[in-house]
Amino acid sequence: TQCGTTEDDNCPLVYNPDQEDSDNDGVGDACDNCPDTPNPDQWDVNQDGIGDACDDSTADAGARHMNLNARLHRMVAAKTMDSDAFLSAYKGSAPDALRALRAALRERMGLSGSPARRV
């Protein structure tokens, strides 16, 4: 289930008999922190009540990207995301994305520390 939803109620803690879900993310509009943009995880890094998926605050952009990139890293390390998907979803420069991907793959393989440098 997503964010406390059940199969019969997409927002069990808030009365919503119509079960409206405008963005089709599985979370009812009555309790969706971003009702017009799909965000089934309901992440809200700055806890302002506006979901990260639709929070246009410039100050939050860096935090959203860091949060997303950390989740991507965990997904690669846990083998739930492949390298190509990681690189296309990563927010940042291409060199930063490659460094982050290498770190996630090292973690997946159980290697720690910095990689050996070529001479």
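Residues numbered from 1 in each chain as written. Predicted model: local features only at pLDDT ≥ 70, side-chain atom pairs only at ≥ 80, totals over all residues. Heavy atoms only, no water.

## Section: the overall build of the protein
When helices and strands are tallied, the protein shows 3 helices and 0 strands. Start at the N end of the protein and walk to the C end: the helices and strands fall as α-α-α. Taken across its 119 residues, the protein has 27% of its residues classed as buried. A sequence separation of at least 24 residues applies to 18% of the contacts in the protein between residues at least 6 apart. (Helix = DSSP H or I, 4+ residues; strand = E, 2+ residues; numbered from the N terminus. Buried < 20%, exposed > 50% of the residue type's maximum accessible area, 1.4 Å probe, protein only. Contact = heavy atoms within 4.5 Å.)

## Considerations on the environment of Met-66
Its location among the elements puts Met-66 in helix H1 (residues 58–77). The class for Met-66 is exposed, based on a relative accessible area of 63%. Spatially, the C-alpha atoms of Met-66 and Lys-91 are 8.1 Å apart, while their sequence positions differ by 25 residues.

## Section: the confidence of the model for the protein
Mean pLDDT over the protein stands at 76; residues scoring 70 or higher make up 79%. For the protein, H1 is the element with the lowest average pLDDT, namely 68, and helix H3 (residues 94–108) is the one with the highest, namely 80. (pLDDT = per-residue confidence, 0-100.)

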